[in-house]
Amino acid sequence: PRSQDKLKGETLIMSQPVQNLVIVGGGTAGWMSAVYLRKALDKNIQITLVESSDVTTIGVGEATFSTIKLFFDYLGLQEHEWMPKCNASYKTAIKFNNWNTQGQHFYHPFQRYETVNGFDIAEWWLKIKRDEEPFDYACFLIPSICDHKKSPRYLDGTVFDDKVKDLISREFIPEKNVLSDHKVQYPYAYHFDANLLARFLKDYAKQRGVKHVIDHVENVKLAEDGSIDSIITREHGNVSGDLFVDCTGFRGLLINEALDEPFNYFSDSLLCDRAIAMQIPTDIKKDGINPFTAATALSSGWVWNIPLYGRDGTGYVYCSAFLSEEEAEQEFRQHLGPAALNCKAKHIKIRVGRNRNSWVKNCVAIGLASGFVEPLESTGIFFIQHGIEELVSHFPDKTFNEELIKSYNNTIAECIDGVRDFLTLHYCASDRTDTPFWKATKQEIKIPEQLNEKLRLWKTRLPNNKNVNHNYHGFDSYSYSVMLLGLNYLPESSLPALNHIDEREAIAVFNSIKQKANHLAATLPSQYEYLTYVIKSQ
Ligand code: FAD
């Protein structure tokens, strides 16, 4: 209920502020929420995080999206302060292996296209270069950096990409921290050890006043209006709150189990429903550290490889309709070879989809409890960051205004659905049909009509900002274009308009990219060297 006051003849509705915020779950979602909310909200709000010592965290989720840098910037953390503690490395791209029939690779880099006379350089590539050189090497600097295992920074800290050099310098603190308002393409993201990051964020949050309760939540007590009154823990009794953040992972203890919110599965469009995860030690001094995540297609899904400082995180995401757990592990081990001989495999059932609503009454789900798509473009942690930021932007008072909640839910749904459609494209645009799984990705996947319409258009011209999904979902048109080119889903001919424009400028841009790429490959330090001698030694 609102308290009302009469002031100068007008009705003033007094806000009743949220004072007590309870986060349940101490995985990446729980601790990212705790640190961010602690920083964003004033000290009148008490923040408590409750986590069970009986339920382990998912322990994967180690490759990120380039916007993650904003998160660390917001906390005021510099790379040398957190990266060594989390065995972190730089990620400049995703390398897709064997996603088309020719078994080639291509890079999806964190770098946008140059534009020449109003057209993306990729449109020019179709006209001038398509028979000469793969599009990614012709259009971007990053593939060359990746092939040579280079760091995106020089030893003095300068970033390779002139366009963002100043924006990413140590002194620069970005003004805007909201993802959807952020217009800059950062040239890299990070890989990190998920458990070490959770530990790091836990210390950071506790030092800043977040109350930490280690206890198992056994039950949830609802109020008369169906909202959450309190959670009932095994040893600490009832923990009550005004607002609850459900970070309990795939189980969705508060949102799904207590509040009964339905979960909408994406199995119509994304077939994979299982993963096997493994950690493999690496000799980084000898072999270096790749500055990219790899996604390698296998018979019934794909394998991620995430190179950290000292080990790789790897996993096979597959569809259980085509492989049993044993068959999947066998195929995965065969793919990994002797390096994985003594490594333990963890089998995980993945819940792919999203809650109908991620915010219900006084409960907001963040992380796996809210929604998840297979980690093909490393979007899990991005969803967390987005969910937290939007929570701050929609922060309620105790009236829990329905319109505010609706707006939050639409924003989250648009983001997750947008990524679902983008990932669907990875499968339906690939021309692989060599196994039952890959056949099913052509015959059984339901392609949303809007995407189908665009796919027809993209056979004529490449995606651009006018014809991709406009709802914020993290992906710019260049990412769509890169995927289509990489998967061999190409327009048959180049744009007729380009026949009427002098191509010399485009040729000069291609030459300049080549020159710069060669220069970077020759002059940047290796990622191993940079992390060891700059980041670790500060
Ligand atoms: P969890 O890590 O599962 O944490 C749940 C927490 O809830 C735990 O602390 C647990 O103790 C607590 N809890 C549960 N029940 C109770 C209870 N009854 N009482 C008290 N506490 C309880 N994301 C990326 O960005 N990049 C990737 O490369 C990536 N790869 C992935 C690969 C796989 C196979 C999977 C499944 C996910 C991947 N993700 C990735 C997603 C990422 O791992 C998650 O988004 C991230 O780890 C957040 O998890 P979480 O905190 O929501 O859940």
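As shown above, the structure is provided for reference.
Note that this is a predicted model, so its numbers are computed, not measured.

The rules behind these values
- Residues numbered from 1 in each chain as written.
- Predicted model: local features only at pLDDT ≥ 70, side-chain atom pairs only at ≥ 80, totals over all residues.
- Heavy atoms only, no water.
- Helix = DSSP H or I, 4+ residues; strand = E, 2+ residues; numbered from the N terminus.
- Rg over C-alpha atoms; globule rule 2.2 N^0.38 Å.
- Buried < 20%, exposed > 50% of the residue type's maximum accessible area, 1.4 Å probe, protein only.
- Contact = heavy atoms within 4.5 Å.
- Areas by Shrake-Rupley, 256 points an atom, 1.4 Å probe, with all protein chains shown as cover.
- Pairing = 2+ DSSP bridges.
- Axes fitted to C-alpha atoms, helices over the stretch in contact; angles between N-to-C directions.
- Near = heavy atom within 4 Å.
- Polar contact = N/O pair within 3.5 Å; in protein donor to acceptor, adjacent residues only side chain to side chain.
- Nonpolar A, V, L, I, M, F, W, Y, C, P; charged D, E, K, R; others polar.

## Some points on the overall build of the protein chain
Line of reasoning, step 1. What the protein chain contains, in helices and strands, is 17 helices and 25 strands.
Line of reasoning, step 2. Relative to the compact-globule value of 24 Å for 538 residues, the protein chain shows a C-alpha radius of gyration of 24 Å, a close match.
Line of reasoning, step 3. Dimensions along the principal axes, computed over C-alpha positions, put the protein chain at roughly 70 × 65 × 55 Å.
Line of reasoning, step 4. Across the 538 residues in the protein chain, those meeting the buried criterion constitute 57%.
Line of reasoning, step 5. Long-range pairs, those at least 24 residues apart, make up 75% of the contacts in the protein chain between residues at least 6 apart in sequence.
Line of reasoning, step 6. As displayed, the protein chain has an accessible area near 22,800 Å², and 48% of this comes from carbon and sulfur atoms.

## What about the sheet that holds strand β13 (residues 228–233)?
Line of reasoning, step 1. Here three strands make up an open sheet; going across it, the order is β12-β13-β14 and the pairing antiparallel. If you trace the sheet from one side to the other, it starts and ends with β12 (217–222) and β14 (237–240), each paired once. Ignoring which end each strand starts from, the neighbouring axes of this sheet average 30° apart.
Line of reasoning, step 2. Direction of pairing for β13 relative to β14: antiparallel, over a ladder of four bridges. Each residue of the ladder has a partner; that of Ile232, found in β14, is Asn238.

## What about the site of the ligand?
Line of reasoning, step 1. Near the ligand there are 35 residues, and of these Gly26, Val55, Ala63, Val217 and Ile381 occur at the shortest range.
Line of reasoning, step 2. Between the ligand and Gly27 there is a distance of 3.5 Å, counted from an oxygen atom to a backbone nitrogen or oxygen.
Line of reasoning, step 3. Take Ile381: an N or O atom from its main chain is 2.7 Å from an oxygen atom of the ligand.
Line of reasoning, step 4. Elements with a contribution of two residues or more to the shell around the ligand: α1 (28–40), β19 (301–307) and α11 (380–393).
Line of reasoning, step 5. The residue makeup of the shell around the ligand, split by class, is 18 nonpolar, 13 polar and four charged.

## With respect to the environment of Asp273
Line of reasoning, step 1. Along the chain, Asp273 falls in the loop between β16 (263–265) and β17 (274–281).
Line of reasoning, step 2. Put simply, Asp273 and Val373 are 100 residues apart on the chain and 9.6 Å apart in space, counted from C-alpha to C-alpha.
Line of reasoning, step 3. Setting aside anything within four residues of it in sequence, one finds Asp273 in contact with Tyr318, Cys319, Ser320, Ile348, Lys349 and Ile350.

## Here's the deal with the sheet that holds strand β18 (residues 292–298)
Line of reasoning, step 1. Strand order in the open sheet formed by seven strands is β7-β6-β18-β19-β20-β17-β21, and the pairing between neighbours is mixed. The open sheet has two edge strands, β7 (105–109) and β21 (346–349), and neither has a second partner. Within the sheet, the average angular offset between the axes of one strand and its neighbour, ignoring direction, is 20°.
Line of reasoning, step 2. Strand direction decides the pairing type here: β17 and strand β20 (residues 311–318), joined by eight bridges, are antiparallel. Note on β20: the bridge partner recorded for Ala277 is Gly315.

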